[in-house]
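Chain by chain, the residues run as shown.
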Amino acid sequence: YGHDFLSRGSGVLDVAGGCGEISRTLHSFGIPSTLVDPNPRCYEHSKKPKRDWKPDSSPPFRVFPYALYGDGANFTSNAEKFDDNGENNEGHSTTVGEIAQNASMICGLHPDQATDPIVEMALRLNIPFAIVPCCVMPSLFPHRRQKVKGITKINSSGNLNGFNDASPDGSV
């Protein structure tokens with residue numbers, strides 16, 4: 001995916017992005033993005049502040065302090081209105097749900113509990129996605145187990161096995 005593709009619609013939806021490294025990098029290339037994290041840490045001091053962003057200022061991308069659940073319907077149906085800076089603004093016409101539904105791509109780097117909702121929301125909205133899962137969290141996600149020669153293993157490679165079944169064409 002190139003610059004033009006990623007810049008379409010509302011840009012990239014960076015889910016569980018924490019301090020906003022992906023969104024900040026995309027911004028440096030002129031690609032719009034929105035950070036979605038229940039505990040965004042992009043306002044805190046960064047060990048490596050970027051040239052165009054001061055740690056004490058607002059980040060140069062939208063920030064929504066939300067968690068995704070299930071297939072992300074809680075997020076895509078959100079009717080709160082925000083301006084282009086992510087500030088709550090009832091006079092503005094863009095809603096949180098519209099930003100999600102018009103994303104060019106949904107990404108999650110080490111999204112932990114948001115891994116399943118990213119995939120399910122992307123499949124539901126027919127939006128490309130990229131995830132780099134890390135923690136399996138077997139107590140929260142017992143389906144992330146894989147049987148190998150009769151032995152149940154818990155590993156991150158098992159993360160994507162169940163998603164093939166969720167995709168209409170099995171192409172995850």
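Every chain begins its residue count from 1, and numbering advances along the sequence as written. Note on the predicted model: pLDDT of at least 70 is required for a residue's local features to be given, and 80 or more for side-chain atom pairs to be given and counted; whole-chain, interface and lining totals, by contrast, use all residues. Values reported for side chains reflect all heavy atoms of the structure, with hydrogen atoms and water molecules removed beforehand.

Asks: I tried to follow the overall build of the chain on my own but got confused; where do I start?
Replies: Elements are defined by DSSP. Helices are runs of H or I of four residues or more, strands are runs of E of two residues or more, and each kind is numbered from the N terminus. Each helix and strand counted, the chain has 6 helices and 7 strands in total. The linear arrangement of helices and strands in the chain, starting from the amino end, is α-β-α-β-β-α-α-β-α-β-β-β-α. Each residue gets one of three labels from its accessible area relative to the maximum for its type: buried under 20%, exposed over 50%, partly exposed in between, using a 1.4 Å probe on protein chains only. Expressed as a percentage of its 172 residues, the buried residues of the chain come to 40%. In the chain, 47% of the contacts between residues at least 6 apart in sequence involve partners at least 24 apart. Areas reported as accessible are Shrake-Rupley estimates using a 1.4 Å probe. Residue values count occlusion only from the protein chains shown. Per element, the accessible surface of the chain, about 9400 Å² overall, is 52% carbon and sulfur. We call two residues in contact whenever any of their non-hydrogen atoms come within 4.5 Å of each other.

Asks: Can you walk me through the pairing of strand β1 (residues 11-15) in this structure?
Replies: A regular strand carries its side chains on alternate faces of the sheet. Among the 5 residues in β1, 5 count as buried, and that is most of the element. Paired strands, in this sense, are two strands between which DSSP finds at least two bridges. Of the strand pairs in this sheet, β1 and strand β4 (residues 103-109) are connected by 4 bridges, and their pairing is parallel. Bridge pairing in β4 links glycine 11 to alanine 103. Of the strand pairs in this sheet, β1 and strand β2 (residues 33-36) are connected by 4 bridges, and their pairing is parallel.

Asks: Would you mind going over the layout of surface pockets with me for this structure?
Replies: Unoccupied space between atoms shows up once a probe the size of one water molecule is rolled over them. Only protein atoms enter the calculation, which uses a 1 Å grid: trapped sets of points that fit a 1.4 Å probe without letting it out are cavities, open sets showing protein on both sides within 12 Å along at least five of seven lines are pockets, and any residue with an atom within 4 Å of a point is a lining residue. Grid points are joined across faces, edges and corners, and a volume is the space filled by probe spheres set on the points. What the largest pocket holds in volume is close to 400 Å³. Lining of the largest pocket is provided by 25 residues; of these, Ala16, Gly17, Asp37, His110 and Pro111 occupy positions nearest its centre. Elements supplying a minimum of two residues to the lining of the largest pocket: β1 and α2 (21-28). Under the scheme applied, nonpolar residues are Ala, Val, Leu, Ile, Met, Phe, Trp, Tyr, Cys and Pro; charged residues are Asp, Glu, Lys and Arg; polar residues are all the others, including Gly. By residue class, the composition of the lining of the largest pocket is 14 nonpolar, 6 polar and 5 charged.

Asks: Teacher, can you tell me more about the packing of aromatic side chains here?
Replies: Any aromatic ring pair is given by two values, namely how distant the centres are and how the planes are angled relative to each other. Two aromatic rings from Phe, Tyr or Trp, using only the six-membered ring of Trp, form a pair when their centres are within 6.5 Å; if the ring planes differ by under 30 degrees the pair is stacked, by over 60 it is edge-to-face, and anything between is tilted. Per the counting criterion, the structure on display carries 4 aromatic pairs. Ring geometry for tyrosine 66 and phenylalanine 75: centres 5.9 Å apart, planes at 65°, overall edge-to-face. The structure contains a cluster of three or more aromatic residues connected by ring pairs, namely Phe64, Tyr66 and Phe75.

Asks: Hey, could you run me through the pattern of salt bridges in this one?
Replies: Pairing between side chains of opposite charge can happen when the charged atoms of each approach one another. Any Lys or Arg side-chain nitrogen found within 4 Å of a carboxyl oxygen on Asp or Glu counts as a salt bridge. Overall, the coordinates contain 2 salt bridges when judged by the stated rule. Two residues, aspartate 71 and arginine 124, come together in a salt bridge whose shortest N-O distance is 3.2 Å. Here arginine 124 lies in helix α5 (residues 115-125) and aspartate 71 lies in the loop between β3 (62-64) and α3 (73-76), a separation of 53 residues in the sequence. Looking at aspartate 71, the relative accessible area reads 29%, which means it is partly exposed. On the accessibility criterion, arginine 124 (37% relative accessible area) is partly exposed.

Asks: Can you help me understand the environment of valine 63 in this one?
Replies: Structurally, valine 63 can be placed in strand β3. Once the C-alpha coordinates of valine 63 and aspartate 14 are considered, the two residues, 49 residues apart in sequence, prove to be 9.4 Å apart.

Asks: Would you mind showing me how to read the sheet that holds β2 here?
Replies: Taken in spatial order, the 5 strands of this open sheet run β3-β2-β1-β4-β5, and their pairing is parallel. The open sheet terminates on both sides in strands that have one partner only, identified here as β3 and β5 (129-132). Here the strands of the sheet are splayed against their neighbours by 20° on average, with no regard to which way each runs. In terms of strand pairing, β2 meets β3 through 3 bridges, oriented parallel. Looking at the pairing, threonine 34 lines up with arginine 62 of β3. Where helices are involved, their axes are fitted lines through C-alpha atoms of the stretch in contact, as for all axes, and angles between N-to-C directions lie from 0 to 180°. Where α2 meets the sheet, it contacts β1, β2 and β4, and its direction lies at approximately 170° from that of β2.

Asks: Would you mind going over the pairing of β2 with me for this structure?
Replies: Of the two faces of β2, both are covered, the one formed by Ser33 and Leu35 as well as the one formed by Thr34 and Val36. Viewed along the sheet, the connection from β1 through α2 into β2 turns out right-handed. When the strands point away from the viewer and the path from the first strand over the helix to the second turns clockwise, the crossover is right-handed.

Asks: Any chance you could explain α5 here in plain terms?
Replies: The set of residues buried in α5 consists of Thr115, Asp116, Pro117, Ile118, Val119, Met121 and Ala122. Phi for asparagine 126, located one or two positions after α5, is positive at around 60°.

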